[in-house]
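The chain contents come next:
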Amino acid sequence: MNATLSPIGAPGAATGAAPTAFIRKGAGDKPVLVYENVRKTYGDFVALNGVSLQVNKGEVMCLIGPSGSGKSTLLRCTNALETLNGGQVYLDGVPLPTRESEVRRVRQRMGMVFQSFELFPHKSALDNVAMGPITVLGMKEDEARTRARALLDKVGLSSKADNFPANLSGGQQQRVAIARALAMGPDVMLFDEPTSALDPETVGEVLNVMKKLAQEGMTMIVVTHEMSFARRVANWVVVFENGAIMEEGPPEQIFDHPTVARTRDFLSHLGWDG
Amino acid sequence: MNLDWNIIWTHRDALFHGALMTVMLTVVTMLLAVPGGMVLALMRLSNSKVLAGISLCFVEFFRNLPLILIIYWAFYVMPMALDVQFSALTTALVALVLNISAYNAETFRAGINSIRRGQMEAALAMGMSHRQAMFRVVIPQAARRILPVFASTWISLFKDTSLVSVIAVSELAYTSMQIRAQSYRVLEMLTAMAVIYWLMGYPQAKLVDWIHRKYGVKE
Amino acid sequence: MDFDFSPIVDNWRFFASGLGVTIALSAISALTSILVGLFITLVRLYGPPIFKPFIVFYIDTMRSIPILVVLVWIYFAFPILAGVTFPPFWAALVALTLHIAAYAAEVVRAGIESVRPGQTRAGLALGMSRAQILRKIILPQATIRMLPAFGSVLTIAIKDTAIATVIAVPELMHRAETVAGQSYRPIEVFTCVMIAYFCILFPVTRGVDRLYQRLAHLGRS
């Protein structure tokens, strides 16, 4: 897995100054996640056809591509919500375990945010966020609640701590979901089309929270259709099609100078003018 | 047509005890049929194909037979199969418990399955075990959906206890019809029987309505 | 433990006629229950308000008392009041219809109320009369949703016909009791009758389950 290098002209390029080589974020350290020839099938349908990929620490990686291209499947293989039919996923150099008790420990290091939010409707926002630490980490209730309040404040919803999901807008629910995932103190955050189910007005509030997370150095893998978010916030973009990676690189490459013609087609299909 | 409504007052003791027996049958059956239904539902939802198969057969067997037939069948088969003489009351309870367990199993299973998979996944993604996810996320939500159906099953059971009169268990129906046979006061006794059932059943029906209103699923 | 199934074989005609009565009584009472239930719900929802409390009382009453009680009262007590006697089959038919129609009425009501009010408003906006809206917009949508529940009505009717044995209706259950009593072979007889009832009911409940699954995607409009 080599970091793709593509030269970006420095402002002084015309004058003959040496071009700056692009260095992928976090390239110096060992990668957090390594996917090696990952294969996933559902009966006859091949969702992932031998995908190899690397995620560095502190990197924001966006997975884009048409529906059914495998991006969500890869995300769900990452925290073992789906089992692999071939290949391996390595977290910090260690392959994902298969026994439930060990898988649980791995899942605690990853936070997942779902397209349909999946807040627990029978609990308030505060209790949703505190539930993970209490149930899984065995934290004391008061401590967990304090932590939950801090996280809700971080996503801008401290005034809604006692509201139940039914009384929150979609954007608010998703922000609570992000706080809930963060409550476990994960090393990696997985986002599965976090804004696809939101009204356009509320998409922004969620993307802002995600941007803030990225600025704080969280390792994030985001499956998304929000191209401008990917363009502005991602450090690395991977384009999927038919269960395989069509192209990957920094956002400037993918969006401005895609090397693969199909990428260009896909982007223009989504109305991306570049 | 000369009617003697006094007959009801004369036999008020027997009628009261009959009504009490009806209530007792209902309560005891449900006390046993709730855990019974839970066991069957968990068997059905488990990963073991054998357990799921047994549960499925059991439930389908009782869903597809009239209760009165089951009562008769239990009455004749049980003594033979187990070589013990059972009282009619025991037989009645066995038949009722088995029958209602099957219905409860379906109710519990459907309730649990009606909770979106995403809820289970969100819980697992946090690192919860399967059991934790079930008991803290899925079942609390399923309980809300299950309660109205369960309430309807309860009131059906209350009415079905009348069927054990065919094997001479002294609940309300049997008692009333015995008094009718002895006193020849047909209209009075049968009307009294209907009224007493109504007095017991109507509040239950209203309670069931209230439960459906309060806990009914609002999509 | 020796089993002797000859009483069943020898009396197969007897049983067959009982089966015929069961099927006839079930089918007819299911049909009449649905029709009566439909009628009284339409009166409840769209008729003069004076009827509503009586209809609600009737439905709640049938929910509160067992079918056995209704059966026995219609067959034994009503003749004393009215001076007419019914043959058992017709008494059973009346009693079953009376009891099951209340359930059917609630099914119809749930079906009609599940159609979004916006549908009625759209019809009114087009200038349709209430009757036309009911006939052309509401009932077609409601009926599809009610179909699985009507299947349940049939299941209930079939099971309740077995109870009619207590007033000596010559249906299958009664035949079983007669032969079991005469032949002293209750286990064989009741086991066979069990199989018969299972074979009748299983396709119906399966069909109802399938219908529920197929129509689940229709949800609320």
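That block above? That's the structure.
About the thresholds
- Residues numbered from 1 in each chain as written.
- Chains lettered and ligands numbered in written order.
- Predicted model: local features only at pLDDT ≥ 70, side-chain atom pairs only at ≥ 80, totals over all residues.
- Heavy atoms only, no water.
- Helix = DSSP H or I, 4+ residues; strand = E, 2+ residues; numbered from the N terminus.
- Buried < 20%, exposed > 50% of the residue type's maximum accessible area, 1.4 Å probe, protein only.
- Contact = heavy atoms within 4.5 Å.
- Areas by Shrake-Rupley, 256 points an atom, 1.4 Å probe, with all protein chains shown as cover.
- Lys, Arg positive; Asp, Glu negative; His and termini not counted.
- Charge placed at Lys NZ, Arg CZ, Asp CG, Glu CD.
- Buried area = accessible area lost by both parts, 1.4 Å probe.
- Salt bridge = Lys/Arg side-chain N within 4 Å of Asp/Glu carboxyl O.
- Axes fitted to C-alpha atoms, helices over the stretch in contact; angles between N-to-C directions.
- Parallel < 35°, antiparallel > 145°, perpendicular 65-115°, else oblique.
- Left-handed = near helix turned anticlockwise from the far one by under 90°.
- Nonpolar A, V, L, I, M, F, W, Y, C, P; charged D, E, K, R; others polar.
- Phe/Tyr/Trp six-rings, centres within 6.5 Å; stacked < 30°, edge-to-face > 60°.
- Expected span 1.5 Å × (residues − 1).
- Bend = angle between axes of the 7 residues up to and from the residue.
- Pairing = 2+ DSSP bridges.
- Patch = residues over 30% accessible without salt bridge, like charges linked within 9 Å, V, L, I, M, F, W, Y side chains within 5 Å.
- Core = buried A, V, L, I, M, F, W, Y, C linked by side-chain atoms within 4.5 Å.

> I tried to follow the overall build of chain B on my own but got confused; where do I start?
For chain B, the count of helices and strands is nine helices and zero strands. Seen in sequence order, chain B has helices and strands lined up from the N terminus as α-α-α-α-α-α-α-α-α. Its C-alpha atoms give chain B principal-axis dimensions of about 75 × 45 × 25 Å. Scored against the burial criterion, the 219 residues of chain B give a buried share of 52%. For chain B, contacts bridging at least 24 residues in sequence account for 77% of all contacts bridging at least 6. Summed over all atoms, the accessible surface of chain B reaches about 10,300 Å², with 66% contributed by carbon and sulfur. With 18 positive and 11 negative side-chain charges, chain B shows a separation of 13 Å between the mean positions of the two kinds.

> Looking at this model, I keep getting lost on the interface of chain C and chain B. Mind explaining?
A common way to express how large an interface is: the accessible area buried when the components associate. Contact residues are listed per partner, giving 39 residues for chain C and 42 residues for chain B. Counting the surface lost from both chain C and chain B, the interface buries some 3,700 Å², and carbon and sulfur atoms represent 74% of this. Linking chain C to chain B there are three salt bridges. Among the ionic pairs, Asp209 of chain C bridges to Arg63 of chain B, the shortest N-O distance being 3.3 Å.

> It is not clear to me how the packing of helix H5 (residues 170-182) of chain A against helix H6 (residues 200-215) of chain A should be interpreted in this structure. Could you clarify?
Helices that pack against each other are described as a pair by the angle of their axes relative to one another and the distance between those axes. Residues and elements named next belong to chain A. Taken N-terminus to C-terminus, the directions of H5 and H6 make an angle of 20°; their axes are 8 Å apart at the nearest point. The angle between the axes of H5 and H6 places the two elements in the roughly parallel class. For the pair H5 and H6, the crossing hand works out as right-handed. Together, Gly171, Gln172, Gln174, Arg175, Ile178 and Leu182 of H5 and Thr202, Glu205, Val206, Val209, Met210 and Leu213 of H6 make up the contact between the two elements. Here the contact of H5 with H6 is composed, by residue class, of six nonpolar, four polar and two charged.

> What's the story with the packing of aromatic side chains in this structure? I'm lost.
What describes a pair of aromatic rings is the distance from one ring centre to the other and the angle between the planes of the rings. In this structure the tally under the stated criterion is 14 aromatic pairs over all chains. With centroids separated by 5.3 Å and ring planes inclined at 80°, the aromatic side chains of Phe89 of chain C and Trp90 of chain C adopt a geometry described as edge-to-face. The class for Phe89 of chain C is buried, based on a relative accessible area of 18%. On the accessibility criterion, Trp90 of chain C (48% relative accessible area) is partly exposed. Among the aromatic residues, those joined into a ring-pair cluster are Tyr72, Phe75 and Tyr76 of chain B together with Phe190 of chain C.

> So what exactly am I meant to see when it comes to helix H9 (residues 186-215) of chain B here?
Two residues of an α-helix separated by three or four positions point the same way, owing to the 3.6 residues in each turn. For H9 of chain B, which comprises 30 residues, the first-to-last C-alpha distance of 42 Å matches the rise-based estimate of 44 Å (1.5 Å per residue) to within 8%. Where H9 of chain B bends most, at Gly201 of chain B, the angle is about 30°, and the proline Pro203 of chain B comes one to four residues later.

> What is the right way to look at the pairing of strand E2 (residues 45-55) of chain A in this model?
Regular strands have side chains that alternate between both faces of the sheet. Residues and elements named next belong to chain A. Pairing of strand E1 (residues 33-42) with E2 involves eight bridges; the strand directions are antiparallel. Counterpart to Leu33 in the pairing with E2 is Val55. Following E1, the chain reverses through two residues before pairing antiparallel with E2; Gly43 in that reversal takes a positive phi of roughly 65°.

> Help me understand a nonpolar patch on the surface, please; the structure alone is not making it clear to me.
A contiguous nonpolar patch, built from Val23, Val27, Leu31 and Leu32 of chain B and spanning about 340 Å² of accessible area, is present on the exposed surface. With respect to the helices, strands and loops of the structure, Val27 of chain B is situated in helix H2 (residues 12-45).

> When you look at the nonpolar core in this model, what are you seeing that I'm missing?
Burial of nonpolar side chains together is a common tendency in soluble globular proteins. Formed by 156 residues in total, the largest nonpolar core has its most connected members in Leu33, Tyr35, Leu63 and Leu74 of chain A. When residues in this core are grouped by element, the largest group, 14 residues, is from helix H5 (residues 88-113) of chain C. With sequence-adjacent residues up to four places away left out, Leu74 of chain A is seen in contact with Tyr35, Val38, Leu48, Val51, Leu53, Leu63 and Phe240 of chain A. One finds Phe117, Ala125, Val237 and Trp272 of chain A within the second-largest nonpolar core, a separate group that totals 52 residues.

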